Amino acid sequence: MTAFHSLLQALQQILSPHQLLHRDEELIPYECDGLSAYREKPMLVALPDRVEQVQAVLRLCAEHQTPVVARGAGTGLSGGALPNREGVLLSLARFNRILDIDPVARIARVQPGVRNLAISEAVAEYGLYYAPDPSSQIACTIGGNVAENSGGVHCLKYGLTVHNVLGVKLLTIDGELLEIGGAALDSAGYDLLALITGSEGMLGVIVEVTVKLLPKPLVTKVLLAAFDDVEAAGKSVSEIIAEGVIPGGLEMMDNMSIRAAEDFVHAGYPTDAAAILLCELDGTDAEVEAQMHIVQAVLKTRGATDVRLAADDAERMRFWSGRKNAFPAVGRISPDYYCMDGTIPRHALPQVLCGIADLSAQYELPVANVFHAGDGNMHPLILYDANIPGELERTEELGGRILELCVEVGGTITGEHGVGMEKIDQMCVQFASAELTQFHAVKAAFDPAGLLNPGKAVPTLHRCAEFGAMHVHHGALPHPELERF
């Protein structure tokens, strides 16, 4: 009996037929996540609906030394849920219940397969909401949000997932249930909750999340500012925050993304603008009124050609709908696009925009820019055609150069999408050998056999040595520590 059939028979003892997929046609829907350029069919797909079943699956995989890749809704954009051809894809999609809502303590306990937006919908009757709001919030799940430390348009003021999660229940590869954090605002000991948030399924499998809820602001207003110069728009971002104003959201789009979004959503964007800023202010009437005057003054001083206040909630929602639909909108104007994710200091925004424009011209590939400008999290969208031989490879190389530019100005290679498979080589640029060794040590403490999501997020030193040699060959500048690998 082969190892495959041995594991299949063992899994059939704990899962019903509809919870275990192994035929070729059943596996194809799971061959990629939102980064569809990378595809690999798993050996098996398990769809448990009880914690005990997940524990049993993990224990069997540990016994058979079989890799496990956990998956939520598959909306990730870094290849974090890319299957292992010799492993089990563990879907948490059926863990989709909201277990408890405590409106007094302002917390909710949810299963990992609950959609991000469903939390806010469920607590709306109490005047509460869950703050992190990725553009894919209608589909992405809270378990995936924790795995990638997702953000969204309101993360500048209200934080990323790590700032809005109070506790998780996590299963190790051996099926041991760990409770990290909880309902309290703080817990004793090491901050393992922050370690788990953003760990990309490499340390354990999340089976429950306790999230923090916030009261809905009394007043919310949105300003749309148009600029005929991208750099001027970028400089406005730092100046708004320098004035002591922390907007609920501060987003930037360049002309290509503006035109794509307007054609798709009809949000009322000025399609002749080189860039727009969306600035949302929330709080009490007095707070919002005072901040609005400050922001308007900064925008006009910086050369905004038009500053428009959303007339009502309907127009405010249209403004945000255009931004949140920027990714699918760009998909309508190009056969394919590659969504990057890097973070830079706010003051470097004009410099990086110029750098991206130069790289775009060098590689002869258009780039549409969408930014969580307030916290420096940028999402350049590289337009390409995968049907043209070599164009995907050139696109990936351009994407890598953009990420390395982020590191060069003091930023990082990811803000909320994670590293996954997409950015694993750029980890060699950002981190030295000693740091990568420590990352592997943390992984080994939770998963000694390296069975959970293997080959993702943290490169081996050997891989970095090869990447460094390639960079030197192409005349690029690797991390100075690479020569020591």
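Above this note sits the structure.
The structure displayed is predicted, hence computed values, not measured ones.

Caption draft 1: A look at the side chain of Gln426. Secondary-structure assignment places Gln426 in the loop between α14 (391-408) and α15 (427-430). At a separation of 3.0 Å, a polar atom in the side chain of Gln426 contacts the side chain of Glu404.

Caption draft 2: Highlighting the sheet that holds strand β1 (residues 20-21). Pairing is mixed in the open sheet, where 4 strands are placed in the order β1-β2-β4-β3. Edge positions in the sheet fall to β1 and β3 (68-71), since each has one partner strand and no second. For strand β2 (residues 44-46) and strand β4 (residues 88-91), the ladder comprises 3 bridges, and the chain directions are parallel. Residue pairing for β4: Val45 is matched across the bridge by Leu89.

Caption draft 3: Main features of the pattern of salt bridges. The tally for this structure, following the rule as stated, stands at 21 salt bridges. Notably, a salt bridge pairs Arg316 with Glu280, separated by 3.8 Å at the nearest N-O pair. Separated by 36 residues along the polypeptide, Arg316 in helix α11 (residues 313-324) and Glu280 in strand β14 (residues 275-283) bring together distant segments of the chain. Across this residue pair, the class does not change: Arg316 and Glu280 are buried. The salt bridge partner of Lys423 is Asp341, with a shortest N-O separation of 3.9 Å. Of this pair, Lys423 sits in the loop between α14 and α15 while Asp341 sits in the loop between β16 (336-339) and β17 (342-343); the two residues are 82 residues apart in sequence, bridging distant segments of the chain. Look at Asp341 and you get buried, because its relative accessible area is 0%. Put simply, Arg109, Lys169 and Glu208 are held in one network by salt bridges that share partners.

Caption draft 4: Structural view of unusual backbone geometry. Of note, the phi angle at Arg106 is positive, near 60°, even though the residue is not glycine. Summarising the element assignment, Arg106 is placed in the loop between β5 (98-102) and β6 (107-110). Among the residues examined, Arg106 registers a relative accessible area of 39% and is labelled partly exposed. Unusually for a residue other than glycine, Asn149 sits at a positive phi of about 55°. Tracing the backbone through its elements, the reader meets Asn149 in the loop between α5 (142-148) and α6 (155-158). Taking relative accessible area as the criterion, Asn149 reaches 14% and is therefore assigned buried.

Caption draft 5: Representation of the pairing of β14. In terms of residue burial, β14 counts as a mostly covered element, since 9 of its 9 residues are buried. Burial along β14 is two-sided: the residues Ala275, Leu277, Cys279, Leu281 and Gly283 and Ile276, Leu278, Glu280 and Asp282 are all buried. Sheet analysis places strand β12 (residues 219-227) next to β14, joined by 9 bridges and oriented antiparallel. Bridge pairing in β14 places Thr220 opposite Asp282.

Caption draft 6: Layout of the packing of helix α13 (residues 349-363) against α14. It is at 10 Å that the axes of α13 and α14 come closest, and there the two elements cross at 160°. By the angle class used here, α13 and α14 are roughly antiparallel. α14 is crossed by α13, and the crossing has right-handed handedness. Along its contact with α13, which presents Val352, Gly355, Ile356, Leu359, Ser360, Gln362 and Tyr363, the element α14 presents Arg394, Glu397, Leu398, Arg401, Ile402 and Leu405. Split into classes, the residues belonging to the contact of α13 with α14 amount to 7 nonpolar, 3 polar and 3 charged.

Caption draft 7: Fine view of a nonpolar patch on the surface. Together, Tyr190, Leu192, Leu195 and Val442 make up a nonpolar patch on the protein surface, roughly 390 Å² of accessible area in all. Position of Leu192 among the secondary structure elements: in helix α7 (residues 192-196). Owing to a relative accessible area of 35%, Leu192 belongs among the partly exposed residues under this scheme.

Caption draft 8: Structural context of the environment of His471. With respect to the helices and strands, the residue His471 is situated in helix α17 (residues 461-473). C-alpha separation for the pair His471 and Val429, spaced 42 residues apart in sequence, amounts to 10.0 Å.

Caption draft 9: Just the packing of aromatic side chains, in detail. Counted under the stated rule, the structure contains 2 aromatic pairs. Taking 6.5 Å as the distance between ring centres and 85° as the angle between the ring planes, the aromatic pair formed by Tyr129 and Tyr158 counts as edge-to-face. Note that Tyr129 is positioned in strand β7 (residues 128-129) and Tyr158 in helix α6, a separation of 29 residues in sequence. In terms of burial, Tyr129 and Tyr158 fall into one category: buried. Here the aromatic rings of Phe431 and Phe439 are separated by 5.0 Å at their centres, their planes lie at 80°, and the arrangement is edge-to-face. On the basis of relative accessible area, Phe439 is assigned to the partly exposed category, the value being 31%.

Caption draft 10: Structural context of helix α10 (residues 285-301). Its 17 residues give α10 an end-to-end C-alpha distance of 25 Å, which sits within 8% of 24 Å, the value for a rise of 1.5 Å per residue. All of the buried residues in α10 are Val288, Gln291, Met292, Val295, Val298 and Leu299. Buried residues of α10 fall within an arc of 135° about the axis and therefore sit on the same side. Across α10 from its buried face, at more than 90 degrees, point the exposed residues Ala286, Lys300 and Thr301. On the buried face of α10, the contacting elements are β12, α8 (230-242), β14 and β15 (306-309). Just past α10, the residue Gly303 takes up positive phi, approximately 95°.

Criteria and thresholds
Residues numbered from 1 in each chain as written. Predicted model: local features only at pLDDT ≥ 70, side-chain atom pairs only at ≥ 80, totals over all residues. Heavy atoms only, no water. Helix = DSSP H or I, 4+ residues; strand = E, 2+ residues; numbered from the N terminus. Polar contact = N/O pair within 3.5 Å; in protein donor to acceptor, adjacent residues only side chain to side chain. Pairing = 2+ DSSP bridges. Salt bridge = Lys/Arg side-chain N within 4 Å of Asp/Glu carboxyl O. Buried < 20%, exposed > 50% of the residue type's maximum accessible area, 1.4 Å probe, protein only. Axes fitted to C-alpha atoms, helices over the stretch in contact; angles between N-to-C directions. Parallel < 35°, antiparallel > 145°, perpendicular 65-115°, else oblique. Left-handed = near helix turned anticlockwise from the far one by under 90°. Contact = heavy atoms within 4.5 Å. Nonpolar A, V, L, I, M, F, W, Y, C, P; charged D, E, K, R; others polar. Patch = residues over 30% accessible without salt bridge, like charges linked within 9 Å, V, L, I, M, F, W, Y side chains within 5 Å. Areas by Shrake-Rupley, 256 points an atom, 1.4 Å probe, with all protein chains shown as cover. Phe/Tyr/Trp six-rings, centres within 6.5 Å; stacked < 30°, edge-to-face > 60°. Expected span 1.5 Å × (residues − 1). Arc of directions from axis to C-beta.

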